[in-house]
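# Analysis of the macromolecular model
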Amino acid sequence: MGLTERLLSAAATRPHVLLVPVPGRSDLRWAVEDWLDAQGWPQAASPAGADLLIECGTPAVELAERADAAWDALPGPRDRARVRQPDEVDAVLSAARSRLLDGPRQRQDAQERGVPVVAEPSGDMDPGGMDMGGMDDGGMDMGGMDMGGMDMGGMDMDLPGGLTMAGRVEDRDGLRLEGLPVRFGPLLPDWPAGLELQTTLSGDVLIDSRCRWLDPSDGPVPDRAVVPGPAAALDALSRLLAVAGWQDGARRARRARAEAGSGPATDDLLRRLRRTRLLRWSLRGLPAPEGRDLTEHLNLLIACVDSSSSRLPVATLHELDQAVTGLDVAGAVLVVAAYGPVLFRERVDA
Amino acid sequence: MPDVLLVPVALLALAVLATASATGDRALLVHASGRPPRLAAISVLPEVARLLVQRRRTTTAPDALLWRVGGGGLLVVAALMIAVVPIGGRAVLDNPVGIVWFNAMDVLLWALVWLLGWGASSAAALVAGYRYLAQALAYELPLMFALIPPAVVARSLDVEAVVASQSGRWNVVEMPVAFGVFLLCVVAFSFAGPLSAPAGSDVAGGVLAEVSGVDRLVVLAGRHALLAAGAAFAVPVFLGGDAGPLLPGWLWQLAKTLAVLAVLVVVRRRLPLLRPERFAEVGWVLLVPLTLAQVLVTTVLALAAS
């Protein structure tokens, strides 16, 4: 139909991209992010808002499962691609975009997905069954933030979708409120690659937390891009600023990262960072690696970019667990954004 | 009796202003990325086309009716808000308590955005719904107090009476604090910019985490429409309505509305995100006393003048 084709071609001018960063391949993630910035393609915050799923490297078993679940959750028109080398970014992403324009291909993809798959609602933590129940408008709730099965000791009541009631836990005020097990998964935007945070949410507050690496390997994963220096600090800065909601600053930090920490973009970024008081005020009161406050951590990152005398801090998963427990979701995600890049470094150095 | 002939005019004005808000947002984004702001780059038509051609989706066991009511209700509330704004001297709803009507409509948003988050049957959307309520508790009282001074000066809650009372001097000159707080609260109830935590990317998009296709278009359009309706309401209440020399009244009103909208769009882009916890501090510790002081000053001056 002419109208659909025209809408598709208009839609594909700026596809929204969901990135799957692979641990150890930050160089690919950086190349893809720089390309997306140059083209003006936005990054999606969840599969529902994405058109393309781009894997920055070859994910291992568990991460590949999460990527597949996100792929199922993309509404469509959709496409999927994997970047293996930094110099094939342009070719891969342009090809993915042109497949988005392919009307018959997208229509066939949509028809193939319309077949309902009914799975047994299992009693464990994970509503893994693709219970589409005959609705053929698309995906399941399997975004980066997984609503892990509401099954903390609740009775098996006859609720819709085979779900069970949320259990009860004591929250920080001593009240017995709902406790919802939730997984903050590896595909949230600007999230440390391959990290999963399992937690119990009581309202908005994390009652407890357990972090783990997906696909734990026997030894540290050498990260091809993370050479200690200004570029690593700028990467950490860009992720912290993006999660703190200053997208403009995050973009400038990425541009500074592309010029390896010396050049006009870096000077511009540092000037703005030193001037901003609203950002520092909003970051105050949250814990950061090595016992600092998050504002001090921001200053440390700026110092790392500026001179080579400062070094990035080091942190462990256990410290992250303790830092995050008791915070609300917004604070917790900020803290993870601060710890993430230095957790990685610890994995490389240890 | 609602003025039926004005309904299409009001809706068209709302649509134009909402589009202007979205286009302005894109223009700032393109400018910030260093690319030239050509028309093709800043147009919102590709986004609209993308959302129209995208498939809708659902989750396991959502409360479908309440979910979609929450999403579609944003546009309805924006239309109801603009119904009390006088266009060419007359408003769609000739309401003797227009200011209270506006306030009641923005309180409706508490329920609608909460339902948008709760009905989605998703942890991300639920947390975002909680965040909106936390923010709403912080901005609602300052908003109510900021709307009192214009009514005190006009000795009436009717928007047209407030416009008439500004024939000597615009309200923004007499009560700048109330104007500033009102603009901040418009940004807050349309969960935009620094107060967009309910749609934040740290919770996978919040209330936007599970919506796609037409549903997503309706929610995004609703946000822009709320911002536009707030800007349109600020003009008769604080900026003298369609008063102005030389040019016809409706042109002045349009120019003022676009100016307020431009300020809101720039604020939305420039400021970083405020966590709801932080904004609650600001709302209660700073804004409530400030607006109460403004009410006091305005009332004392009005009593002294009479």
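For clarity, every value in this text was computed on a predicted model and none was experimentally measured.

## Points about the sheet that holds strand β1 (residues 17-21) of chain A
Residues and elements named next belong to chain A.
- With respect to topology, three strands assemble into an open sheet ordered β1-β2-β3, the strand pairing being parallel. The sheet is open, and its two borders are formed by β1 and β3 (79-83), each paired with just one other strand. Between one strand axis and the next, the sheet turns by 20° as a mean value, whatever way the strands run.
- Bridging between β1 and strand β2 (residues 52-56) involves five bridges; their strand directions are parallel. Bridge pairing links V17 to L52 in β2.
- Strand contacts of helix α2 (residues 26-39): β1, β2 and β3, with the helix running at about 165° to β1, the strand carrying the most contacts.

## Some details on the nonpolar core
- M81, L109, Y139, F182, F189 and F233 of chain B are the most contacted members of the largest nonpolar core, which totals 76 residues.
- Here this core takes 13 residues from helix α10 (residues 214-238) of chain B, the largest share from any one element.
- Contact partners of M81 of chain B, with chain neighbours within four places excluded, come to F102, M105, D106, L109, F189, L226 and A229 of chain B.
- L197, A332 and L343 of chain A together with A209 of chain B belong to the second largest nonpolar core, which has 64 residues in total.

## Description of the pairing of β1 of chain A
- In terms of burial, β1 of chain A is largely enclosed, as five of its five residues are buried.
- Once you follow β1 of chain A into α2 of chain A and on to β2 of chain A, the crossover reads as left-handed.

## Section: helix α3 (residues 61-73) of chain A
- When the terminal C-alpha atoms of α3 of chain A are compared, their 19 Å separation across 13 residues agrees well with the 18 Å that a helix rising 1.5 Å per residue should span.
- Of the residues making up α3 of chain A, those classed as buried are L63, R66, A67, A69, A70, W71 and A73 of chain A.

## As for unusual backbone geometry
- A cis amide bond, omega 5°, links G76 of chain A with the succeeding residue P77 of chain A.
- The topology assignment puts P77 of chain A in the loop between α3 and β3.
- We note that F191 of chain B has phi near 30°; this positive angle belongs to a residue other than glycine.
- Mapping F191 of chain B onto the fold places it in the loop between α9 (176-189) and α10.
- Residues other than glycine seldom take positive phi values, yet L246 of chain B does so here, at roughly 65°.

## Observations concerning the domain arrangement of chain A
Residue and element names in this part refer to chain A.
- Once the domains are mapped, chain A shows domain 1 (3-112) and domain 2 (162-350).
- One C-alpha centre belongs to domain 1, the other to domain 2; they are set 25 Å apart.
- Counting from both sides, the interface comprises 24 residues of domain 1 and, opposite them, 27 residues of domain 2.
- At the boundary of domain 1 with domain 2, total buried surface from both sides reaches about 2100 Å², with 53% on carbon and sulfur atoms.
- A salt bridge links E62 to R212, with the nearest nitrogen and oxygen atoms 3.0 Å apart.
- Counting across the domain 1 and domain 2 interface gives nine residue pairs in polar contact (both at pLDDT 80 or more).
- For the side of domain 1 that touches domain 2, the elements supplying multiple residues, two or more each, are β1, α2 and α3.
- The element best represented in the side of domain 1 that touches domain 2 is α2, accounting for seven residues.
- The residue makeup of the side of domain 1 that touches domain 2, split by class, is 14 nonpolar, two polar and eight charged.

## A few points about the side chain of S282 of chain A
- The topology assignment puts S282 of chain A in helix α9 (residues 278-283).
- Here the side chain of S282 of chain A touches L279 of chain A through a polar contact of 3.0 Å, landing on its backbone oxygen.
- Excluding anything up to four places from it in sequence, S282 of chain A contacts L273, L274, R275 and R278 of chain B.

## Focus on the packing of α10 of chain B against helix α11 (residues 249-270) of chain B
Residues and elements named next belong to chain B.
- The N-to-C vectors of α10 and α11 enclose an angle of 130°; their axes lie 9 Å apart at closest approach. Classified by the interaxial angle, the pair formed by α10 and α11 is oblique. Both α10 and α11 take part in a crossing whose hand is right-handed. On the side of α10, the interface is formed by H224, L227, A228, A231, A232, A234 and V235, while α11 contributes Q253, K256, T257, V260, L261, L264 and R268.
- Here the contact of α10 with α11 is built from residues that sort into nine nonpolar, three polar and two charged.

## Describing the pattern of salt bridges
- Evaluation of the coordinates by the stated rule reveals 39 salt bridges over all chains.
- Between D79 of chain A and R105 of chain A there is a salt bridge; the shortest N-O distance is 3.8 Å. Taken together, the residues D79 of chain A in strand β3 and R105 of chain A in helix α5 (residues 103-113) connect sequence positions 26 residues apart.
- Ionic pairing is found between R57 of chain B and E210 of chain B, a salt bridge with its closest N-O pair at 2.7 Å. Highlighted residues: R57 of chain B in the loop between α3 (45-53) and α4 (64-82) and E210 of chain B in the loop between α9 and α10, separated in sequence by 153 residues.
- Among the residues examined, R57 of chain B registers a relative accessible area of 2% and is labelled buried.
- Connected via shared salt-bridge partners are R29, E33, D34, D235, R239 and R257 of chain A.

## Examining the interface of chain B and chain A
- Chain B puts 50 residues into the contact, and the matching count from chain A is 66 residues.
- Across the chain B/chain A interface, buried area totals approximately 4700 Å², and carbon plus sulfur atoms make up 57% of it.
- Linking chain B with chain A are one salt bridge, by the criterion used here.
- Measuring nitrogen to oxygen at the nearest pair gives 2.6 Å for the salt bridge that ties R50 of chain B to D51 of chain A.
- Where chain B meets chain A, there are 15 residue pairs in polar contact (both at pLDDT 80 or more).
- Here the side of chain B that touches chain A takes six residues from α3 of chain B, the largest share from any one element.
- Residues of the side of chain B that touches chain A, tallied by class, amount to 23 nonpolar, eleven polar and 16 charged.

## A short note on the side chain of T266 of chain A
Residue and element names in this part refer to chain A.
- Among the structural elements, T266 can be located in helix α8 (residues 264-275).
- Within polar-contact distance, the side chain of T266 engages the side chain of E259 at 3.0 Å.
- The contact partners of T266, leaving out residues within four places of it in the chain, are A256, E259, G261 and V305.

## Considering the pairing of β3 of chain A
Residue and element names in this part refer to chain A.
- Across the two faces of β3 the burial differs, with D79, A81 and V83 buried and R80 and R82 not buried at all.
- Pairing between β2 and β3: five bridges, direction parallel. Note that in β3 the partner of C56 across the bridge is V83.
- A crossover connection joins β2 to the parallel β3 through α3; in handedness this β-α-β unit is right-handed.

## Digging into the environment of T295 of chain A
All names here are of chain A.
- By the secondary structure assignment, T295 is in helix α10 (residues 294-306).
- Residue class for T295 comes out buried when judged on its relative accessible area of 12%.
- Taking the C-alpha atoms as reference points, T295 and L187, 108 residues apart in sequence, are found 26 Å from one another.
- Each residue touching T295, except ones within four places of it in the same chain, is listed here: R280, L283 and R284.

Conventions we followed
Residues numbered from 1 in each chain as written. Chains lettered and ligands numbered in written order. Predicted model: local features only at pLDDT ≥ 70, side-chain atom pairs only at ≥ 80, totals over all residues. Heavy atoms only, no water. Pairing = 2+ DSSP bridges. Helix = DSSP H or I, 4+ residues; strand = E, 2+ residues; numbered from the N terminus. Axes fitted to C-alpha atoms, helices over the stretch in contact; angles between N-to-C directions. Contact = heavy atoms within 4.5 Å. Core = buried A, V, L, I, M, F, W, Y, C linked by side-chain atoms within 4.5 Å. Buried < 20%, exposed > 50% of the residue type's maximum accessible area, 1.4 Å probe, protein only. Right-handed = clockwise from strand over helix to strand, strands pointing away. Expected span 1.5 Å × (residues − 1). Domains from an automatic or database assignment. Buried area = accessible area lost by both parts, 1.4 Å probe. Salt bridge = Lys/Arg side-chain N within 4 Å of Asp/Glu carboxyl O. Polar contact = N/O pair within 3.5 Å; in protein donor to acceptor, adjacent residues only side chain to side chain. Nonpolar A, V, L, I, M, F, W, Y, C, P; charged D, E, K, R; others polar. Parallel < 35°, antiparallel > 145°, perpendicular 65-115°, else oblique. Left-handed = near helix turned anticlockwise from the far one by under 90°.

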